[in-house]
Structure formats: structure tokens, C-alpha cells
Amino acid sequence: MFLNDYDIPMHLKPQSTSYKVFYDYRVNELLEYLMQLFTWHGLPESIPAHEPDLYLYLYGHAGFNRSKLTGDLITVIPQLSGCTDYYDEFKHYTWATPLQGGRCYINYNGVLVSNTMLHNGCYPLIHCTAAKLAHLDTTIICAAVNQRDTVAVTAINQKFANDAKQYQRQKYNGVPSFVVDKGFTTLDFRDLKSSSVINIREYADTQQLILTEFWEAIGVSKTVEKRERLITSETNTNRQLLKLNIRNMYNSRLEGVKKINEIFGTSIKVECNVDIADEDVIEEAPDQMKEGEADESMDKED
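Criteria and cut-off values
Residues numbered from 1 in each chain as written. Predicted model: local features only at pLDDT ≥ 70, side-chain atom pairs only at ≥ 80, totals over all residues. Heavy atoms only, no water. Buried < 20%, exposed > 50% of the residue type's maximum accessible area, 1.4 Å probe, protein only. Helix = DSSP H or I, 4+ residues; strand = E, 2+ residues; numbered from the N terminus. Pairing = 2+ DSSP bridges. Axes fitted to C-alpha atoms, helices over the stretch in contact; angles between N-to-C directions. Parallel < 35°, antiparallel > 145°, perpendicular 65-115°, else oblique. Contact = heavy atoms within 4.5 Å. Core = buried A, V, L, I, M, F, W, Y, C linked by side-chain atoms within 4.5 Å. Expected span 1.5 Å × (residues − 1). Phe/Tyr/Trp six-rings, centres within 6.5 Å; stacked < 30°, edge-to-face > 60°. Salt bridge = Lys/Arg side-chain N within 4 Å of Asp/Glu carboxyl O.

Trainee: Provide a residue-level description of the pairing of strand β6 (residues 101-105), including the pertinent values.
Mentor: A one-sided burial pattern is seen for β6, the buried positions being Gly102 and Cys104 and the unburied ones Gly101, Arg103 and Tyr105. As judged from the five bridges shared by strand β5 (residues 92-96) and β6, these two strands associate in the antiparallel manner. Bridge assignment links His92 to a residue of β6, and that residue is Tyr105. Taken together, β5 and the strand that follows it, β6, pair antiparallel across an intervening segment of four residues.

Trainee: Please give an account of the packing of helix α5 (residues 200-218) against helix α7 (residues 244-264) that cites residues and values.
Mentor: Running from N to C, α5 and α7 cross one another at 50 degrees; their axes reach a closest spacing of 5 Å. In this view, α5 runs oblique relative to α7, as classed from their interaxial angle. When α5 is examined against α7, the residues Glu216, Ala217 and Ile218 are found in contact with a partner set consisting of Asn245, Ile246 and Met249.

Trainee: Give a description of the pairing of strand β3 (residues 73-76) that names residues and reports values.
Mentor: Neither face of β3 is open: one carries Leu73 and Thr75, the other Ile74 and Val76, and all of them are buried. Pairing analysis gives four bridges linking strand β2 (residues 61-66) to β3, with the strands arranged antiparallel. Each residue of the ladder has a partner; that of Phe64, found in β3, is Thr75. Turn length for the β2-β3 hairpin, with the two strands adjacent in sequence and antiparallel, is six residues, and the turn residue Gly71 shows positive phi of about 80 degrees.

Trainee: Lay out the nonpolar core with the relevant residues and their values.
Mentor: Core analysis: the biggest nonpolar cluster contains 42 residues, and Leu37, Phe38, Tyr57 and Phe64 have the highest contact counts within it. In terms of nonpolar packing, the next biggest core, distinct from the first, is built from seven residues, Ile74, Val76, Ile106 and Leu112 among them.

Trainee: Would you mind going over the sheet that holds β2 in detail, with residue names and values included?
Mentor: Backbone-to-backbone hydrogen bonds join strands into a sheet, with any given pair of strands oriented parallel or antiparallel. Read from one edge of the open sheet, three strands run β3-β2-β7, paired in antiparallel fashion. Looking along the sheet, the strands with just one partner apiece sit at the ends: β3 and β7 (110-114). Averaged over all pairs of adjacent strands, the angle between their axes in this sheet comes to 25 degrees, without regard to strand direction. Packing of helix α2 (residues 51-59) onto the sheet brings it into contact with β2, β3 and β7, and relative to β2 it is tilted by some 140 degrees. In the packing of α7 onto the sheet, the strands contacted are β2, β3 and β7, and the crossing angle to β7 comes to about 170 degrees.

Trainee: Break down α5 for me, citing the residues and quoting the values.
Mentor: Three or four residues apart is the spacing at which side chains of an α-helix point the same way, because the helix has 3.6 residues per turn. With 19 residues, α5 ought to run about 27 Å at 1.5 Å a step, and its terminal C-alpha atoms sit 28 Å apart, in line with that. Buried within α5 we find Gln207, Ile210, Leu211, Thr212, Phe214, Trp215 and Ile218. With its phi angle positive at about 115 degrees, Gly219 sits one or two positions after the end of α5.

Trainee: Give me unusual backbone geometry: which residues, what numbers.
Mentor: Of note, the phi angle at Asn107 is positive, near 65 degrees, even though the residue is not glycine. Tracing the chain through its elements places Asn107 in the loop between β6 and β7.

Trainee: Describe the packing of aromatic side chains, with residues and values.
Mentor: A complete count under the given rule lists six aromatic pairs for this structure. Pairing Tyr19 with Tyr23 gives two aromatic rings, centres 6.1 Å apart and planes at 25 degrees, and the pair type is stacked. Remark: Tyr23 and Tyr19 occur in helix α1 (residues 19-34); sequence separation between them is four residues, near one turn of the helix. Note on Tyr19: relative accessible area 31%, which makes it partly exposed.

Trainee: Just give me the short version of the pattern of salt bridges, but keep the residues and values in it.
Mentor: Taken as a whole and judged by the stated rule, the model has six salt bridges. With a shortest N-O distance of 2.8 Å, Asp24 and Lys20 are connected by a salt bridge. Of the two residues, Asp24 and Lys20 are both situated in helix α1; the distance of four residues between them amounts to about one turn of the helix. Among the residues examined, Asp24 registers a relative accessible area of 31% and is labelled partly exposed. Take Lys20: its relative accessible area is 55%, and that puts it in the exposed class. Residue Glu29 pairs with Arg26 through a salt bridge whose shortest N-O separation is 2.9 Å. Taken together, the positions of Glu29 and Arg26, both in helix α1 and three residues apart, correspond to about one turn of that helix. Through salt bridges with shared partners, a single network forms among Arg26, Glu29 and Asp137.

Function cannot be inferred from these measures alone, as they are strictly geometric.
Okay, here's the thing in C-alpha cells:
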């Protein structure tokens, strides 16, 4: 295999199919998806391109200020402080990196960029979605393995239980196996009678629905609508409501970038990689006749 040709520490074993494994995978997968929504242009070399959005998604806000060591513009994880008349507004923030730290006054020597107008990050959404997907992943694995056999093995002591356990391991790996029951009483095979039939395809479809809900919570439509025979007003309204969240995130970034450029003299821009422009569908009246039908009707009147 391709990966086997490289000296890569593989922390996951082939038999590692627990809930934690799937949860860790889904969290990273969903975060990777979000990291592709926006592109930052004009960042100085001192700021990696992915760093601002990473802080925004995980913590809800990111700070931009000068480094005390080099004077270069850097982005940091801010800890908000400084009370005002409002619970969600602050005067300054403290920050720390592995090399340095300090405190900045917002819109003076530091700029606070928020993920949304309420400074909310996306990690709770990532966590909830990853948990649901991981449970389905685990269920699919269990269903696929359990449906290989219709019996459960019971033993009279631990020795024969170990034999039965080895039999289950072989079955998990798809290896033909058997167990030895010398006295015909040490092991018992019991039928697994269940009224519910697990349909793996239904679980897979449910996963796609969960991913669709995730993207719609962000403000991105994952499915393509068929525009024929749709009521135009309802279609346009659904699109506009769907894009509210991603517009919120985009506008928060634009507002923060404007402040950064004003205070630090930079030319940073943010681009949304998803089309958020309003699209109007030309409405066709139900009783509107086609061009040929109209000509035919006029001929009859003449």
C-alpha cells in the first residue's frame, strides 16, 4: 500500500473501531470542511493563512496585534477583559503564545475579530455533529459484524469462554473458524432472536442527513434543488434564510479586517468561497401560455 512505503507512526490499528476513534476522526473532518469556507489574502508572512479561521472557529474570536519580540503583526487567542456597560463588550484582551504574551487595548494597539456578531465559535456544532456521526459509525460496524452470525456462544467456565472469544475474534476478521466442544455441554449456541432488523443503508442515509443539517447550520446548501415547478417566493425565501449564518460570519470578518487595515496599515482581504449572493428565480405564472399556444389562440380568434 502507498502509506506502508513511508515511515509514518500509525496510531490506529486495523481493529480500532471504537466510538472515540470515530469521534476524533469526525471532529477533524468537520473542522477541515469549515477551514475551506473563507480565504484570507494579503496576510503578512508572520501569520499562517489558516491561523485566523482556526481561532475563530474554535474560540469565537481572534486577536491581531504586534509581536513584542519582532514587531511583526501576529494573530493570537485573546482572553477578553475590561468591563463595559454591556456583558458582551470589552475594552482589552490579554494574550499569550509559547514565546511571549501581553495585553492589548481593542481598536488601539489590538483588533478583535469575531466569528459571529455574538463572538460564538463553531466547536459546539462540530462536537454535536461529530458525536451523532460517530455513534452511527459505531452502529454500522457493530451491525456489519453481528450480522455475520445468528447465534451467541455461552460457556460453563472461563477456559471455554476464552475459546468462544477467540472464535468471535476470527469472525470479526472474516476468518473461517470453529470451536471444540468435547463434551457437547461445555458450550451452548443460542439463537439471537430480534424483531428489529438493522438496515445499514438507512444508517448511511441518516449520516448524510446529519451532514446536510451541519452545512445548513453554517448556511451552506449541500443539496441541489430542482427548480422546475417550484413556487418562486418560497424558493427565494429558503435560500435567503439559509445564507443568514454564513453572511453573519463573513460580515464579522469583513468588519474585523477593516479595523486591522486601518490600525496596522495592511491590505488584508477576506474572500468567501461559497456563493452568498441573492439569486432570484424568474417566476412563471401557472396560467402562462407558451409562445406557440398563444399564436394558436390568436389564430382561432381571427
